[in-house]
Amino acid sequence: MKYLFVSVPALGNKQNTLLNIKGKLAEHAETFSFPVPDFKIGTLDALVLLSDDLVKFDAQFEQSANKIVELVRSLNNNSNQLSHLLAVNDKSVDDYVRSFQWNTMKYRTDKSLQDTTATLCQEVNAIDNIMKTKLNTYTQTRNSLQALQRKQNGNLSVRSLNGIVKKQHCVLNSEYLTTVIVAVPKALYKQWNAKYETLTAMVVPRSSVMIAEDDEFGLFTVTLFKRVQEEFGHKAREERFIVRDFQYDEDALQSQQQELQVASATESDQQGELVRLAKLNFGEVFASWMHLKALRVFVESVLRYGLPPDFTSVTIVARPKMEAKVDETLLAQYGRLGGVHGQASSAKQEDLLDHDLQSVNDSSYRPYVQFELNFDVDRTG
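No experiment lies behind these values; they were computed from the predicted model shown.

**Student:** Which residues make up the overall build of the protein, and what values go with them?
**Tutor:** Along the backbone of the protein there are 10 helices and 8 strands. Rg of the C-alpha trace for the protein: 34 Å, well past the compact-globule value of 21 Å for 381 residues, more than 25% over. With respect to the principal axes defined by its C-alpha atoms, the protein has extents near 105 × 40 × 40 Å. Burial analysis of the protein (381 residues in total) assigns 42% to the buried set. Taking the intrachain contacts of the protein between residues at least 6 apart in sequence as the baseline, contacts between residues at least 24 apart amount to 83%. Taking the average place of the 43 positive charges on the side chains of the protein and the average place of its 48 negative ones, the gap between the two points comes to 4 Å.

**Student:** Can you explain the packing of helix α1 (residues 14–25) against helix α9 (residues 323–334)? Please cite residues and give values.
**Tutor:** The interhelical angle for the contact between α1 and α9, taken along N-to-C directions, is 135°, at an axis separation of 10 Å. Considering the angle they form, α1 stands oblique to α9. Note on packing geometry: the crossing formed by α1 with α9 is right-handed. Here Thr17, Asn20, Ile21, Lys24 and Leu25 of α1 come into contact with α9, specifically with Val326, Thr329, Leu330, Gln333 and Tyr334. Of the residues that constitute the contact of α1 with α9, the class distribution is 5 nonpolar, 4 polar and 1 charged.

**Student:** Tell me about the layout of surface pockets, residues and numbers included.
**Tutor:** Estimated volume of the second largest pocket: approximately 510 Å³. Around the second largest pocket, the lining is made up of 22 residues, and of these Thr178, Thr179, Gln229, Phe246 and Gln247 lie nearest the centre. Residues that form the lining of the second largest pocket fall into these classes: 10 nonpolar, 7 polar and 5 charged.

**Student:** Which residues make up the sheet that holds strand β8 (residues 369–374), and what values go with them?
**Tutor:** Overall, antiparallel pairing links the 4 strands, which are arranged β2-β7-β1-β8 in an open sheet. Looking at the sheet topology across the chains shown, the edges are occupied by β2 (29–33) and β8. Ignoring strand direction, the axes of neighbouring strands in this sheet form an average angle of 25°. Here strand β1 (residues 2–9) pairs with strand β7 (residues 311–318) via 6 bridges, running antiparallel. Bridge pairing in β7 places phenylalanine 5 opposite threonine 315.

**Student:** Account for the environment of valine 97, with residues named and values stated.
**Tutor:** If you trace the backbone, valine 97 turns up in helix α4 (residues 93–98). Expressed as a C-alpha distance, the spacing of valine 97 and valine 317, which sit 220 residues apart in the sequence, is 9.9 Å. Once you skip the residues sitting within four places of it in the chain, valine 97 turns out to touch Tyr3, Phe5, Phe286, Met290 and Thr315.

**Student:** Go over empty space enclosed by the protein with me, naming the residues and quoting the values.
**Tutor:** Evaluation of the coordinates by the stated rule reveals 1 cavity of 30 Å³ or more. The computed volume of the largest cavity comes to approximately 40 Å³. For the largest cavity, the full set of lining residues is Asn20, Ile21, Lys24, Leu25, Thr329, Leu330, Gln333 and Tyr334. Taken together, the elements giving at least two residues each to the lining of the largest cavity come down to α1 and α9. In terms of residue class, the lining of the largest cavity is built from 4 nonpolar, 3 polar and 1 charged.

**Student:** Hey, could you go over the nonpolar core for me, with residue numbers and the actual values?
**Tutor:** Grouped together as the largest cluster of nonpolar side chains are 73 residues, with contacts concentrated most on Phe282, Phe286, Met290, Ile316 and Phe375. With 18 residues, helix α8 (residues 252–305) is the single largest residue contributor to this core. Every residue in contact with phenylalanine 286, bar those within four places of it in the chain, is listed here: Val88, Val93, Tyr96, Val97, Leu373 and Phe375. If you look at the next biggest cluster of nonpolar residues, it comprises 16 residues, including Val182, Val184, Tyr196 and Phe220.

**Student:** Explain the environment of asparagine 193 to me, and be specific about the residues and the numbers.
**Tutor:** Mapped onto the elements, asparagine 193 comes out in helix α6 (residues 189–195). Here asparagine 193 falls in the partly exposed class, since its relative accessible area comes to 47%. Spatially, the C-alpha atoms of asparagine 193 and valine 158 are 22 Å apart, while their sequence positions differ by 35 residues.

**Student:** Tell me about the sheet that holds strand β5 (residues 217–225), residues and numbers included.
**Tutor:** The sheet built from 4 strands is open, its strands ordered β4-β5-β3-β6 with antiparallel pairing. Looking along the sheet, the strands with just one partner apiece sit at the ends: β4 (209–213) and β6 (242–244). Geometrically, the sheet is characterised by an average inter-axis angle of 35° between neighbouring strands, direction not taken into account. Here 9 bridges tie strand β3 (residues 177–185) to β5, and the two strands are oriented antiparallel to one another. Its bridge partner lying in β5, threonine 179 is registered against threonine 223.

**Student:** I'd love a proper account of the packing of helix α5 (residues 113–153) against α8, names of residues and values included.
**Tutor:** For the pair α5 and α8, interaxial distance at closest approach is 8 Å and the crossing angle is 160°. By the criterion of interaxial angle, the relationship of α5 to α8 is roughly antiparallel. Crossing angle aside, the handedness with which α5 passes α8 is left-handed. Its residues placed into classes, the contact of α5 with α8 shows 20 nonpolar, 14 polar and 7 charged.

What counts and what doesn't
Residues numbered from 1 in each chain as written. Predicted model: local features only at pLDDT ≥ 70, side-chain atom pairs only at ≥ 80, totals over all residues. Heavy atoms only, no water. Helix = DSSP H or I, 4+ residues; strand = E, 2+ residues; numbered from the N terminus. Rg over C-alpha atoms; globule rule 2.2 N^0.38 Å. Buried < 20%, exposed > 50% of the residue type's maximum accessible area, 1.4 Å probe, protein only. Contact = heavy atoms within 4.5 Å. Lys, Arg positive; Asp, Glu negative; His and termini not counted. Charge placed at Lys NZ, Arg CZ, Asp CG, Glu CD. Axes fitted to C-alpha atoms, helices over the stretch in contact; angles between N-to-C directions. Parallel < 35°, antiparallel > 145°, perpendicular 65-115°, else oblique. Left-handed = near helix turned anticlockwise from the far one by under 90°. Nonpolar A, V, L, I, M, F, W, Y, C, P; charged D, E, K, R; others polar. 1 Å grid on protein atoms, 1.4 Å probe; cavity = no way out; pocket = protein on both sides within 12 Å on 5 of 7 lines; lining within 4 Å. Points joined across faces, edges and corners; volume = space filled by probe spheres on them. Pairing = 2+ DSSP bridges. Core = buried A, V, L, I, M, F, W, Y, C linked by side-chain atoms within 4.5 Å.

Below, the structure is given as structure tokens:
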């Protein structure tokens, strides 16, 4: 969904200006009041600097909101439900934007614009850090679970051998002999049977037995003296035989299953916590982003139209395929603006014009203040 935030000079009557914009755009868009408080302004020089900072913060807040949406999308099996999962102040994103009100309890208007901006940035940065930490923890847990699952489900060269290798397959409690488990590619069976006895000395003849097989590998046992086990492993790898690191343990299969159950439960719990945290923090980040948009509208309106602040700001939602008509209508109505409008002091006139000329270089420049917000939680990722 694309939203336009537009402000134009009110000429002393904000309500009439709002009704005029609504009337002009009635065929092409829905128009809503976008109430922006009167803030403490400070110096115009400081406003110019703040305007540049707000551009960067706007992009940062957008990125933060999108990251949370993508996170929830990746963790939610039904991505069509995202608009129901992600809300702002118990409203859908669309309803929140259309009915936006400045949160005066949280962001006092008697604070400077710079202080309010700093507060918004601190909140979003704190949420970014929290989400990053939680996501890293969850990712580590998920990776550990996947590693355990691969051991259960991989081929015989990588999967766990607990439950596959039985007690009768192994030489146990011998001072000199041991059993080595080797995964042999199917194409190399003949080579294995011809070579395993001579890979090193002290290999028990005719001791190799295939105890399991899958689509890629056969699992063979071979009995040899412990003193040549390491050398046998090196020689086997040179022939592309995979020596498995395995020691028989009667309790290992049960322990492995318990470990998998615990890891699965932990991953599920952390995923649920991460989704709940993402839903909560999405609302906070998006609300901060909208408040930042309001700050941008106020700052640019003062720089564009001068002092004292006298402008009307609106949210415009174009009907399908009507964006160009909205643009044409606004330009026809307010194209006479441009440059500085209002009672700016002559001492600051040059600074304001410099700011406007920088804006002209932007392809999105309009003779009135206009910002966009493109956001749709249900878009295809």
